[in-house]
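# A structural walkthrough
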Amino acid sequence: MQTIQNKKGLKFFIAAVTLWAGAALAQSGNYPNKPIKFIVPYPPGGGTDVIARIVQEPLSQNLGQQVIIENRGGAGGSIGSELAAKSPPDGYTVLFTLSSHTINPAIYPKLGFNTERDFLPVVTIASLPQILVANPNFPANSVKDVIDMARSKPNSISYASVGNGSPGHLAGAMMAGSANVKMTHIPYRGGGPAVTDVMGGQVPLLWVSIPAAANFVKTGKLKALAVSTTKRSAVFPDVPTMAESGFKDFEVDSWYAMFVPANTPKAAIDRLNAAANKVLAMPDVKEKLLNQGAEAVGGSPDALGKVVKTELAKWDKVVKENGIKAE
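Residues numbered from 1 in each chain as written. Predicted model: local features only at pLDDT ≥ 70, side-chain atom pairs only at ≥ 80, totals over all residues. Heavy atoms only, no water.

With that out of the way, let us pick up the overall build of the protein. Helices and strands together make up the secondary structure of the protein, namely eleven helices and ten strands. Computed over the C-alpha atoms, the radius of gyration of the protein is 21 Å, within 12% of the 20 Å expected from 2.2 N^0.38 for a compact globule of 327 residues. Taken over the C-alpha atoms alone, the protein extends approximately 70 × 55 × 35 Å along its principal axes. Considering the protein as a whole, with its 327 residues, one finds that 53% of them fall into the buried category. In the protein, the proportion of contacts linking residues at least 24 apart, taken out of those at least 6 apart, comes to 79%. On the protein, roughly 14,600 Å² of surface is accessible, and the fraction owed to carbon and sulfur atoms is 54%. Taking the 32 positively charged and 24 negatively charged side chains of the protein as two groups, their mean positions are separated by 6 Å. (Helix = DSSP H or I, 4+ residues; strand = E, 2+ residues; numbered from the N terminus. Rg over C-alpha atoms; globule rule 2.2 N^0.38 Å. Buried < 20%, exposed > 50% of the residue type's maximum accessible area, 1.4 Å probe, protein only. Contact = heavy atoms within 4.5 Å. Areas by Shrake-Rupley, 256 points an atom, 1.4 Å probe, with all protein chains shown as cover. Lys, Arg positive; Asp, Glu negative; His and termini not counted. Charge placed at Lys NZ, Arg CZ, Asp CG, Glu CD.)

Among the nine residues in strand S9 (residues 253-261), eight count as buried, and that is most of the element. One ladder, built from four bridges, connects strand S3 (residues 93-98) with S9; its direction is antiparallel. Its bridge partner lying in S9, Thr97 is registered against Ala257. The pairing of strand S4 (residues 119-134) with S9 spans nine bridges and is antiparallel. (Pairing = 2+ DSSP bridges.)

Another point: the side chain of Ser127. With respect to the element layout, Ser127 can be found in strand S4. For Ser127, a relative accessible area of 19% puts it in the buried group. Those residues in contact with Ser127 that lie beyond four places of it in its chain are Asp253, Ser254, Trp255, Gly293, Ala294, Glu295 and Val297.

Mapped onto the fold, Ile210 is located in helix H8 (residues 210-218). Note on Ile210: relative accessible area 0%, which makes it buried. On a C-alpha basis, the gap between Ile210 and Lys144 in space is 21 Å, while along the polypeptide they are 66 residues apart. In contact with Ile210, other than residues within four places in its own chain, are Leu128, Pro129, Ile131, Ser233, Phe236, Gln292 and Gly293.

Here the focus is the packing of aromatic side chains. Throughout the structure, instances matching the rule amount to seven aromatic pairs. Taking the centre distance of 6.2 Å and the plane angle of 20° together, the rings of Trp207 and Phe250 count as stacked. Here Trp207, found in strand S7 (residues 205-209), pairs with Phe250, found in the loop between strand S8 (223-227) and S9; they are 43 residues apart in sequence, far enough to count as distant. In this pair, the class of Trp207 matches that of Phe250, namely buried. Ring pairing ties together the aromatic residues Phe113, Phe119, Trp255 and Phe259, which thus form one cluster. Positioned over the ring face of Tyr92 is Lys34, at 4.7 Å from the centre of the ring. (Phe/Tyr/Trp six-rings, centres within 6.5 Å; stacked < 30°, edge-to-face > 60°. Lys NZ or Arg CZ within 6 Å of the ring centre and 35° of its normal.)

The subject of this paragraph is H8. For the α-helix, the turn length of 3.6 residues means that residues three or four positions removed from each other point alike. All of the buried residues in H8 are Ile210, Pro211, Ala212, Ala213, Ala214 and Val217. Phi for Gly220, located one or two positions after H8, is positive at around 80°.

What follows deals with the side chain of Ser158. Positionally, Ser158 belongs in strand S5 (residues 158-161). The class for Ser158 is buried, based on a relative accessible area of 15%. Here Ser158 is in contact with Thr184, Ile186, Val203, Pro204 and Leu205, once residues within four sequence places are set aside.

What follows is about the environment of His101. Here His101 shows up in the loop between S3 and helix H4 (104-107). Distance from His101 to Glu116, taken between C-alpha atoms, is 9.9 Å for residues 15 residues apart in sequence.

General note: in soluble globular proteins, nonpolar side chains tend to be found buried as a group. By size, the foremost hydrophobic cluster in this structure holds 57 residues, and its most contacted members are Phe38, Val55, Leu59, Phe96, Ile125, Met258 and Leu272. Apart from residues no more than four positions distant in its own chain, Leu272 is found in contact with Tyr31, Ile36, Leu63, Gly91, Val94, Val122, Met258 and Val260. (Core = buried A, V, L, I, M, F, W, Y, C linked by side-chain atoms within 4.5 Å.)

Right, let's talk about the pattern of salt bridges for a bit. For the structure shown, the criterion picks out ten salt bridges. Salt bridges sharing partners connect three or more residues here, namely Lys37, Glu70 and Arg72. (Salt bridge = Lys/Arg side-chain N within 4 Å of Asp/Glu carboxyl O.)

Let's shift gears to helix H2 (residues 47-63). Taking 1.5 Å per residue, 17 residues should reach 24 Å; H2 reaches 24 Å between its end C-alpha atoms and fits that length. The largest bend in H2 is about 35°, located at Gln56, with the proline Pro58 one to four residues further on. With 13 of 17 residues buried, H2 lies mostly within the body of the structure. At the exit of H2 stands Gly64, carrying a positive phi of roughly 75°. (Expected span 1.5 Å × (residues − 1). Bend = angle between axes of the 7 residues up to and from the residue.)

Let us now look at unusual backbone geometry. With an omega of -5°, the peptide bond running from Tyr31 to Pro32 counts as cis. The phi angle at Ala75 is positive, at roughly 55°, despite the residue not being glycine. Mapped onto the elements, Ala75 comes out in the loop between strand S2 (67-71) and helix H3 (78-85). With relative accessibility at 34%, the residue Ala75 sits in the partly exposed group. Despite not being glycine, Asn263 has its phi angle at roughly 80°, a positive value. For Asn263, the position within the fold is in the loop between S9 and helix H9 (266-280). In this structure Asn263 comes out as exposed when scored by relative accessible area, which is 60%.

As structure tokens, this is what we get:
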């Protein structure tokens, strides 16, 4: 028994020393002195991955250390998020995610982490609409056409999203709920696989962030039917909003942001925040984001923290009102 207790005590001591060492390093002014890992909780090719890679290189240059992107998709982003939450709080693991971060707690009752308790906000990178796109051969050319088809044959129309609890999932559920029609949600592990299947005709419709679909809409491999924000997209000014399509007060605004595990030293957070704000002020970065339909945001950790708190309450209400569940 004494041996077991000694082993437990040793493990605790090692963990404590590791945590202290990481914190001391970050506070010493030498941060960062090794590569920083960005966990993107979605597969390559999706909107989150696209936005992360736009800022990856300029952030590496500003920080003086390589930023490495590690894609960990699944469960609407919660698998990668849990991995990030349980990583050492030393400033060398960053969760780069989207606004499903504040939706998942309402969708998944048993997440392996707490969105507020287990993460600290760093900075909001960008915001943009979700876009409803269809396979070019799908007969509907407007949201009204989609609803008419769904109304004539309940459950005959399906739509994809990047996963349960994603902004696209909510947009689709809100669209069906507001129109009082039945549609089938097909969750994917990320925007890349979902876009591929919609272009291939396996699923007719997809609600997804603009970066994941922009190039395919421009080349005619997908057709755009509507955007989820109250204003039209600067990238696709001819695509109507959901409000213009007959859905009053319809708004699902997506954002991308950086978070770190709880207990990460403030010095590391401040360094990451300052670097990100400098990068987001660069004209070429702004242009690259805008080409994807995204607007550079930036700001303080506190500003992002307020967004998280507000949206946790907002999406919890929307999920309950629309009966949205993780399929």
